[in-house]
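Residue strings, one per chain:
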Amino acid sequence: MAAVTAATPAPAATRHRGLWADAASRLVHNGPAMVGLVLVVGFIAVALFAPILAPYNPDAGTIINRFKPPSPEHLLGTDLQGRDILSRIIWGARSSLWVAVLSVSAGLAVGLVYGAIAGYLGGLVDFWMMRVVDVMLSLPGLLLTITIVVFLGPGLNTIAFAIAVENIPIFARLLRGSILGLKETDYVMASRSVGARGQRILLIHIMPNAITPVIVAATLALATAIVDAAGLGFLGFGPQDPATPEWGTMLTDTYRYLTSGAAFTAFFPGVAIVLSVLGFNLLGDGLRESLDPRLKR
Amino acid sequence: MLKYIARRLLMLIPILLGVSLVLIGFVHLLPGDPCASMLGEHATVEKLATCRHSYGLDLPIWQQYVDYMGGLLHGDMGVSTSTRLPVLDQFVARFPATVELTFAAMLFAVGAGIPLGIAAAKRAGSAFDTAATILSLLGISIPIFFLGLLLAYLFGVWLHWLPTAGRIDLHLYPDVGGGFLLFNSLVIYHDPAMFIDVVKHLILPALALGTIPLAYIVRITRSSVLEVLNEDYVRTARAKGLQQRRIDNRHVLRNALVPIVTVIGLQTGLLMGGAVLTETIFSWGGVGSWLFQAVVNNDFRVIESGTLILATIFVLVNLVVDVSYAFLNPRIRYS
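Residues numbered from 1 in each chain as written. Chains lettered and ligands numbered in written order. Predicted model: local features only at pLDDT ≥ 70, side-chain atom pairs only at ≥ 80, totals over all residues. Heavy atoms only, no water.

1. Overview of the overall build of chain A
When you go through chain A residue by residue, the secondary structure sums to twelve helices and zero strands. Ordered by position from N to C terminus, the α and β elements of chain A give α-α-α-α-α-α-α-α-α-α-α-α. Taken over the C-alpha atoms alone, chain A extends approximately 80 × 60 × 30 Å along its principal axes. In chain A, the share of contacts with a sequence separation of at least 24, taken over all contacts with a separation of at least 6, comes to 70%. For chain A, the accessible surface area stands at approximately 13900 Å², while carbon and sulfur atoms represent 69% of it. Of note, chain A has its 20 positive side-chain charges centred 8 Å away from the centre of its 17 negative side-chain charges. (Helix = DSSP H or I, 4+ residues; strand = E, 2+ residues; numbered from the N terminus. Contact = heavy atoms within 4.5 Å. Areas by Shrake-Rupley, 256 points an atom, 1.4 Å probe, with all protein chains shown as cover. Lys, Arg positive; Asp, Glu negative; His and termini not counted. Charge placed at Lys NZ, Arg CZ, Asp CG, Glu CD.)

2. Concerning the environment of B:Tyr189
All names here are of chain B. Mapped onto the elements of the fold, Tyr-189 is located in the loop between helix 8 (181-187) and helix 9 (192-229). Overall, the relative accessible area of 39% leaves Tyr-189 in the partly exposed class. Note: C-alpha distance between Tyr-189 and Val-176 (13 residues apart in sequence) is 9.4 Å. (Buried < 20%, exposed > 50% of the residue type's maximum accessible area, 1.4 Å probe, protein only.)

3. Regarding the side chain of B:Glu100
All names here are of chain B. Examined against the element boundaries, Glu-100 turns out to sit in helix 5 (residues 87-122). Here Leu-181 takes part through its backbone nitrogen, which lies 2.7 Å from a polar atom of the side chain of Glu-100. Apart from residues lying up to four places away in sequence, Glu-100 is in contact with Arg-167, Gly-179, Phe-180, Leu-181, Leu-182, Phe-183, Val-198 and Leu-202. (Polar contact = N/O pair within 3.5 Å; in protein donor to acceptor, adjacent residues only side chain to side chain.)

4. With respect to the packing of aromatic side chains
Tallied over the full model, the rule gives eleven aromatic pairs over all chains. Geometrically, the ring pair formed by A:Phe43 and A:Phe280 is edge-to-face, given 6.0 Å between the ring centres and 90° between the ring planes. Of this pair, A:Phe43 sits in helix 3 (residues 31-48) while A:Phe280 is found in helix 12 (residues 264-291), placing the two residues 237 residues apart along the sequence. Here A:Phe43 matches A:Phe280 in class, with each residue buried. Taken together, the ring pairs connect A:Phe43, A:Trp247 and A:Phe280 into an aromatic cluster. Above the plane of the ring of B:Phe128 lies B:Arg123, whose end atom (NZ or CZ) is 5.5 Å from the centre. (Phe/Tyr/Trp six-rings, centres within 6.5 Å; stacked < 30°, edge-to-face > 60°. Lys NZ or Arg CZ within 6 Å of the ring centre and 35° of its normal.)

5. Some points on the interface of chain B and chain A
With 40 residues of chain B at the interface, the matching set in chain A holds 40 residues. Each partner contributes to the roughly 3500 Å² buried at the junction of chain B and chain A, and carbon and sulfur atoms together form 84% of this total. Counting every contact that joins chain B to chain A gives one salt bridge. Across the contact surface, chain B and chain A share two residue pairs in polar contact (both at pLDDT 80 or more). Elements represented by at least two residues in the side of chain B that touches chain A include exactly helix 1 (2-29), helix 6 (127-141), helix 7 (144-158), helix 9, helix 12 (276-281), helix 13 (287-296) and helix 14 (300-328) of chain B. With eight residues, helix 1 of chain B is the largest single contributor of residues to the side of chain B that touches chain A. Of the residues contributing to the side of chain B that touches chain A, the split by class is 32 nonpolar, six polar and two charged. (Buried area = accessible area lost by both parts, 1.4 Å probe. Salt bridge = Lys/Arg side-chain N within 4 Å of Asp/Glu carboxyl O. Nonpolar A, V, L, I, M, F, W, Y, C, P; charged D, E, K, R; others polar.)

6. As for a nonpolar patch on the surface
Taken together, the side chains of B:Phe180, B:Phe183, B:Leu186, B:Val187, B:Ile188 and B:Tyr189 make up a nonpolar region of the molecular surface, amounting to roughly 570 Å² of accessible area. Classification of B:Ile188 by relative accessible area gives exposed; the value is 53%. (Patch = residues over 30% accessible without salt bridge, like charges linked within 9 Å, V, L, I, M, F, W, Y side chains within 5 Å.)

7. Topic: helix 12 of chain A
For helix 12 of chain A, which comprises 28 residues, the first-to-last C-alpha distance of 40 Å matches the rise-based estimate of 40 Å (1.5 Å per residue) to within 8%. Here helix 12 of chain A lies mainly inside the structure; 23 of its 28 residues are buried. (Expected span 1.5 Å × (residues − 1).)

8. Considering the domain arrangement of chain B
Where the parts come together, the accessible area they lose is often given as the size of the interface. All names here are of chain B. The domains assigned to chain B are domain 1 (2-73) and domain 2 (88-328). Distance from the C-alpha centre of domain 1 to the C-alpha centre of domain 2: 32 Å. Taken together, the contact pairs 23 residues of domain 1 with 17 residues of domain 2. Carbon and sulfur atoms make up 74% of the area that domain 1 and domain 2 hide from each other, which totals about 1700 Å². In terms of surface lost to domain 2, no three residues of domain 1 exceed Arg-8, Leu-23 and Tyr-68, which account for 29% of the buried area on that side. On inspection of domain 1 and its partner domain 2, the count reaches zero salt bridges. At the junction of domain 1 and domain 2, the tally comes to one residue pair in polar contact (both at pLDDT 80 or more). Listing elements by their share of the side of domain 1 that touches domain 2, those giving two or more residues are helix 1, helix 2 (34-39) and helix 4 (61-73). Here the residues of the side of domain 1 that touches domain 2 are counted per class, giving 17 nonpolar, four polar and two charged. (Domains from an automatic or database assignment.)

9. Considerations on the state of the cysteines
Covalently bonding the sulfur atom of one cysteine to the sulfur atom of another cysteine gives a disulfide. Residues and elements named next belong to chain B. According to the stated counting rule, one finds one disulfide over all chains in the structure shown. In this model, Cys-35 is linked to Cys-51 through a disulfide, with the two sulfur atoms separated by 2.0 Å. Taking the sign of the S-S torsion, -80° for the link of Cys-35 and Cys-51, the bridge is left-handed. Of this pair, Cys-35 sits in helix 2 while Cys-51 is found in helix 3 (residues 45-54), placing the two residues 16 residues apart along the sequence. (Disulfide = S-S within 2.5 Å.)

10. Description of the confidence of the model for chain B
Taken residue by residue, chain B gives an average pLDDT of 87. The fraction at 70 or more is 98%. Both confidence scores are given for the complex: pTM 0.86, ipTM 0.84. (pLDDT = per-residue confidence, 0-100.)

11. Description of the confidence of the model for chain A
In this model, chain A carries an average pLDDT of 85, and 91% of its residues clear a pLDDT of 70 or more. Every residue in residues 1-13 of chain A scores below 50 in pLDDT, and together they form one contact with partners more than four places removed in sequence or on other chains.

12. Observations concerning the packing of helix 7 (residues 141-152) of chain A against helix 10 (residues 198-237) of chain A
Residue and element names in this part refer to chain A. The N-to-C vectors of helix 7 and helix 10 enclose an angle of 55°; their axes lie 11 Å apart at closest approach. Considered as vectors, helix 7 and helix 10 are oriented oblique to each other. In this structure, helix 7 meets helix 10 at a crossing whose hand is right-handed. Where helix 7 abuts helix 10, its residues Leu-142, Thr-145, Ile-146, Val-149 and Val-150 lie against Leu-232, Leu-235 and Phe-237. (Axes fitted to C-alpha atoms, helices over the stretch in contact; angles between N-to-C directions. Parallel < 35°, antiparallel > 145°, perpendicular 65-115°, else oblique. Left-handed = near helix turned anticlockwise from the far one by under 90°.)

13. Quick word on the pattern of salt bridges
All names here are of chain B. Evaluation of the coordinates by the stated rule reveals 13 salt bridges over all chains. Arg-167 is paired through a salt bridge with Glu-100; the nearest N and O atoms lie 2.9 Å apart. Of the two residues, Arg-167 sits in the loop between helix 7 and helix 8 while Glu-100 sits in helix 5, which places them 67 residues apart along the sequence. Arg-222 is paired through a salt bridge with Asp-129; the nearest N and O atoms lie 2.7 Å apart. Taken together, the residues Arg-222 in helix 9 and Asp-129 in helix 6 connect sequence positions 93 residues apart. The same class applies to Arg-222 and to Asp-129, which are both buried.

Encoded structure:
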């Protein structure tokens, strides 16, 4: 009998903390996700404090200083125009963060409303709204963004807009799928049976549960947005003002000098892209696992 | 099953009509006049008017759309404004390069990804598993153009092992032209040296393009196999004393294949959509760089028809994937 008593868990251990507190606890204990969080926080901090952190003006340089290899004076060397690469990478973080946040939040805002309407109304409305999504998804993504950027002119805001357009159908379909699944759950039925209105059911009962996969997708979409923006910059559609450094554009500038012993000029901006993207991917994966405890690494 | 395929093929019509509507609307919003860019700055008003008339650009947009769709029904995809060649001919000339690149990239991604994913799942939690997980995460995080540059620098510029541009050495084979070079070198020219040269040119772009699909395939294979490994029927098979290889092939992999095939299909469709960045870095004359140039040059007919063909391929690849589920998993029935 004593053994039975000892084996009974203490009441504190069974205390229910709620979905988000549980998820946060799981996230904190997830090593790779924490590495991701550190990378993401580092990336955001570099972007926010660029004026303090950058050792030089990112646009200042003389041709005499061109292609200087890494040295104590210029930790990551200098580029074709003799500008400090480290300073340009630090300022470039601002461009990447701006495009990523703007494109994902705009894509989320439109995609969520669209997906929620389709998923909740169902029937013919849903059918036709999803066919529009099918059309959008069957267009080649990068070509779609390039076409939009050619139409609107190069620059960070147009790149963000183009990536947002690419994101809308993805978020819409995801949320709509979640809502369809949740609409038939017992607690939604129960809520309906006690007379709750449609809008209330959607906002109070369905959305908080349906939004979980969207949060994960949005974190991963931030990573994709950084890569896409750098890709468009690489193709020459980045900011045209040399005073606004952008990582992809930095790679285009240096692409031609790979054979002239200045490969480092291409290497460091590339590493900056990889680290920031890796951060969001690790964090996104960690969020997915902590929000859905059934998934195990 | 046949009914299901027929219904899915019928669904193609509204989707492609939608795609064509979006495209034609989009392309006509593009700034600039294709005739002005074709004829240059010094073109007379009369010449511009004649050009616009010959391409039907002086008609209302709905009339242009109806004429274009009418042409499509007769196999006429229009004429490029920059090269003045039929769009279909240009597509046919460039498509083999894209197919070969996609094939090589997917061969690498599937050939390495599935064994790596299975091995990682079977040693879940080990150092090998962690390494595979980190590598696949890096694969997803590295931009294609940066990886392409690294590969070109390492194997081309530094080690001089592999060529970094084009599909074949034009100094050695000046008259080969385009087409399926892997196939042609062996079957038409019977030239193994040419085949090796084509393979050498294919390696770096295929590695660059295949890395993202590889990373996704490793991840999905790992998680899918891990799930199946814990199933009762696998334990039963093991308890019966079946050979490990037989358990892996017949019980584990076969049941884990549905999500893996989904990822393979999706990635193949995406790669067919034109690898603009890879083709730009490795000067690969495929569909991606052709469409990219068309967008830059405002070659409206190429953009419309080229993208429409790619969208059709994408939807068809997805259909093939959906149908393949029924073969992989007999429990899946289509009605």
